[in-house]
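Here is what each chain is made of, one letter per residue.
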Amino acid sequence: MTLNKIIMCGAFLSSILVPAQTTEKIISHVNPFIGTGAAHGSPLSGNNYPGATVPFGMVQLSPDTRNTPDWSVACGYNYNDDTIAGFSHTHLSGTGVAELFDVMLMPFSGAIVKEAEGQNVYQSKFTHDKEWAKPGYYSVELLNYQIKAELTATTHAGFHKYSFPKNKEAHIIIDLDHSMKKSDWNTRIIASQLSFPNDHTVEGYRIITGWAPMRKVYFHVEFSQPIIHNHIKDGNNAYENAKVVNGNAIRAILDFNISKQQEVLVKVGISATSIENARLNVQAEIPNWDFNGTVNAADVVWEKELGKIKIDGTNEQKQIFYTALYHTFIQPNTLSDVNGDYPSADFTVRNSSKPYYSTFSLWDTYRGAHPLYTILQPERSADFVNSMLEYYKVFGYLPIWQLWGQENYCMIGNHAIPVVVDAVLKNLSGINADLAFEAVKNSATREHPGSPFDIWEKYGYIPENLKSQSVSLTLEMAYDDWCVAELAKKLGKTDDYNHFTKRSQFYKNLYDKQIGFFRAKDDKGNWIEPFNPLKYGANGGYPFTEGNGWQYFWYVPQDVKGLINLVGGDNAFTKKLDTFFTLEDKPEEVNDNASGFIGQYAHGNEPSHHIAYLYNYAGQPWKAQQYTAEILKKMYNTTSSGYSGNDDCGELSAWYIFSAMGFYPVNPASSIYVIGSPLLKEASIQLKDGKTFKVVAKNVSDKNIYIQSAKLNGKMYTKTFIHQSDIDNGGVLEFSMGSKPNKKWGIKLEDRPVN
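Residues numbered from 1 in each chain as written. Predicted model: local features only at pLDDT ≥ 70, side-chain atom pairs only at ≥ 80, totals over all residues. Heavy atoms only, no water.

(A) Geometry of the nonpolar core. One finds Phe 87 and Phe 223 to be the most contacted residues of the largest nonpolar core, which totals 221 residues. Broken down by element, this core gets its largest block of residues, 12 residues, from helix H11 (residues 470-490). With near-sequence residues (within four places) excluded, Phe 223 lies in contact with Ile 172, Ile 174, His 200, Val 202, Leu 254, Phe 256, Val 264, Leu 265, Val 266 and Trp 289. (Core = buried A, V, L, I, M, F, W, Y, C linked by side-chain atoms within 4.5 Å. Buried < 20%, exposed > 50% of the residue type's maximum accessible area, 1.4 Å probe, protein only. Helix = DSSP H or I, 4+ residues; strand = E, 2+ residues; numbered from the N terminus. Contact = heavy atoms within 4.5 Å.)

(B) Representation of helix H7 (residues 378-395). Over its 18 residues, H7 runs 25 Å from end to end, which matches the ideal 26 Å to within 8%, given 1.5 Å per residue. Considered for burial, the residues of H7 that qualify are Ser 381, Ala 382, Asp 383, Phe 384, Val 385, Ser 387, Met 388, Leu 389, Tyr 391 and Tyr 392. (Expected span 1.5 Å × (residues − 1).)

(C) Representation of the pattern of salt bridges in the model. All told, the structure shown has 30 salt bridges when counted by the stated rule. Lys 623 is the partner of Asp 578 in a salt bridge, and the nearest nitrogen-oxygen pair spans 3.0 Å. With a gap of 45 residues between them, Asp 578 in helix H15 (residues 570-582) and Lys 623 in helix H16 (residues 621-634) connect regions that are remote in the sequence. Here Asp 578 falls in the partly exposed class, since its relative accessible area comes to 25%. Look at the salt bridges and you will find they share partners, linking Asp 102, Arg 206 and Arg 215 into a network. (Salt bridge = Lys/Arg side-chain N within 4 Å of Asp/Glu carboxyl O.)

(D) Representation of the pairing of strand S33 (residues 672-675) within the structure. Residues of S33 alternate between two faces, with Ile 672 and Val 674 on one and Tyr 673 and Ile 675 on the opposite face, all of them buried. Sheet topology places strand S32 (residues 663-664) next to S33; 2 bridges connect them, and they run antiparallel. Residue pairing across strands places Tyr 664 opposite Val 674, the latter belonging to S33. With 3 bridges joining them, S33 and strand S38 (residues 721-723) adopt antiparallel strand pairing. Of the residues in S38, the one forming a bridge with Ile 672 is His 723. (Pairing = 2+ DSSP bridges.)

(E) Fine view of the environment of Gln 225. For Gln 225, the position within the fold is in the loop between strand S14 (215-223) and strand S15 (229-234). Relative accessible area serves as the criterion here: at 10%, Gln 225 is assigned to the buried category. Gln 225 has contacts with Asp 199, His 200, Phe 256, Asn 257, Ile 258, Gln 261, Glu 263 and Val 264, leaving out every residue within four places of it along the chain. Looking at Gln 225, its side chain comes within polar contact range of the main-chain oxygen of Gln 261, at 2.7 Å. At 2.9 Å, the side chain of Gln 225 and the backbone oxygen of Glu 263 are in polar contact. (Polar contact = N/O pair within 3.5 Å; in protein donor to acceptor, adjacent residues only side chain to side chain.)

(F) Up close: the pairing of strand S39 (residues 731-738). Most of S39 sits inside the fold, with 6 of its 8 residues counted as buried. Relative to S39, strand S36 (residues 706-712) is paired through 6 bridges, and the arrangement is antiparallel. Bridging across to S39, Ala 710 finds its partner in Phe 735.

(G) Quick look at the environment of Lys 304. Along the chain, Lys 304 falls in helix H3 (residues 291-306). Put simply, Lys 304 and Ile 270 are 34 residues apart on the chain and 25 Å apart in space, counted from C-alpha to C-alpha.

(H) Summary view of the packing of aromatic side chains. The full count for this structure, using the stated rule, is 59 aromatic pairs. Considering the side-chain rings of Phe 395 and Tyr 397, the 5.1 Å spacing of their centres and the 65 degrees angle between planes classify their relative orientation as edge-to-face. Summarising the aromatic geometry, the rings of Tyr 479 and Trp 482 are spaced 6.1 Å apart at their centres and angled 15 degrees between planes, so their arrangement reads as stacked. Pair noted here: Tyr 479 and Trp 482 are both in helix H11, with a separation of 3 residues, about one helical turn. (Phe/Tyr/Trp six-rings, centres within 6.5 Å; stacked < 30°, edge-to-face > 60°.)

(I) How the structure looks around the sheet that holds strand S25 (residues 360-361). An order of S25-S26-S27 is seen for the 3 strands of this open sheet, with the pairing classed as antiparallel. At either margin of the open sheet sits one strand with a lone partner, and together these are S25 and strand S27 (406-407). For strand S26 (residues 401-403) and S27, the ladder comprises 2 bridges, and the chain directions are antiparallel. Its bridge partner lying in S27, Gln 402 is registered against Glu 407.

Written out as structure tokens, the structure is:
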């Protein structure tokens, strides 16, 4: 049975169970299996997982289809696999590193089988015909054991329901050793413990280091039925009916008597601070054994959050759109407990009256996801920023890629800077602007890994022989500096404004006007040879990061007009854009993150995401409409391979949400959204103060992708961008669409975006 047939069957069952007059629920359009597995022959999927979670929760309770997840199944689940190793409580959505997978449970029936160290003989076959998911709920039949496993979640706890077959022994495994490959990122378990306070409870912790250093994960597990026996292994050491076991490879098998009740319910609270808080978390959020009630509560919270945008479109468009919104709202993740305790950057425990968040994939999410949060999640967006500022006060600079409260220094640039600056410039309440400026300035001046500011100041660019990824670093650092300058301007700090504005122009120092590309220099000012704009870099050892010279040429979002002037004006700029979108040549090796090609445009990775919109800056907005429409239709679908690359904590999803409504933040900290081609008939954004900003696209269709005319609040509108204030004030942006370009709309200088 295909995935779409499964969804249709679910919809049919819902239709016969729900009265006809009931309003269609938004969550019915979410398909958690989108992006969970690449099509055959494709290198990447969305790397999304289908399991149970609630918006921005600590817990992501989902199946792991590999005993040892790697980068190709970094979320733990691959739709193309046919076995399940267990259900763990923490996962990353859409990233390229297989991290987390904490506290894995796995039920099985029948006799206990002897297994060698490191083996997992209890994994089970499964089929998609007997698997189902919706926001906050996942179920699957474990075919080897005739067990139906059902999962749901709250912010800090997971809830399992295992229905065992009759007349067979029932067991549940608790695995504290499950992780990505121990040699990757020097992953190893420092210490772990499993204890049994009574016959219904298991508690413990594991301290594991890897991509995120020294993660402490505490847990409290309650069972609806008594544990009649435990069998525990820690490497080669074996224990029977132990009260407590300490080690670094702990795996326990728990026996249950199901002769009177075949269902075993399991509540699992987790915490980053203590066992006591893990216990408090589950007691506060799942006080009873009402599994269906917890599922219904997840329904309610997801319906509320996803309802912040109401759309009109085809069923396929609704499914892609609301699944994208769902994926965007999975993270950042709550790291604080229900009592406000959270792990600080210095590994101490602190307390906050507001939620403390982590999982900041900033190189990805500053582009689209965080600007989207400022519109749809303004209070949480302020909490995200305040979490970063608390981190700064302890760590000395803002996070780069922060996971479980700790820095892993993945990717380049300091892109917490645009997130913080954007929030302050949009006047989100509850943020100390002076502290924010202190944080962004110090994060742009204090040297730390990947941020060689002394070199930056000395040379006015990053020399490749002193620091690799030099061209990408130069371009991205220049953008971050523009953001610092803009906040300095707002706060009246003239000297800082002038200094960082000057630095934001350093990008020009690596432009080679002879060949028309940004390219690497050494510390003597010499161009580094040879140069091939098609050749890809990865994450070190080459001037470009996860991209090539063609893709990074366009990364000057703070000064697109300056880039146009470097090239030689509008005509030269649009001609180069035309070549970019039509040049099919590929080098022999393409970086693993490059996928979703239209010419040199690679939608599967973030450096390309703003480029189609750049036509607006040079007076050819109809081409922005052409290519954004093409990307929307080609790079997203409703299958398990529905994304053209890693979703990266919702960034590919955020691109779709913005672009389907018809606009996108080319410069994420400018409060300006550049117009493309609206895909939806209508989209209404529900704003915090009760206002609504509605986008209407009259006559839109697969062929009618070109804007013929536009109105804003009933008045003719020719600008190819809108301001944040247009959204905040509420109103209606109306497009009239047609099948042929209107080459007179939006072409005047005053109609073009500036930054």
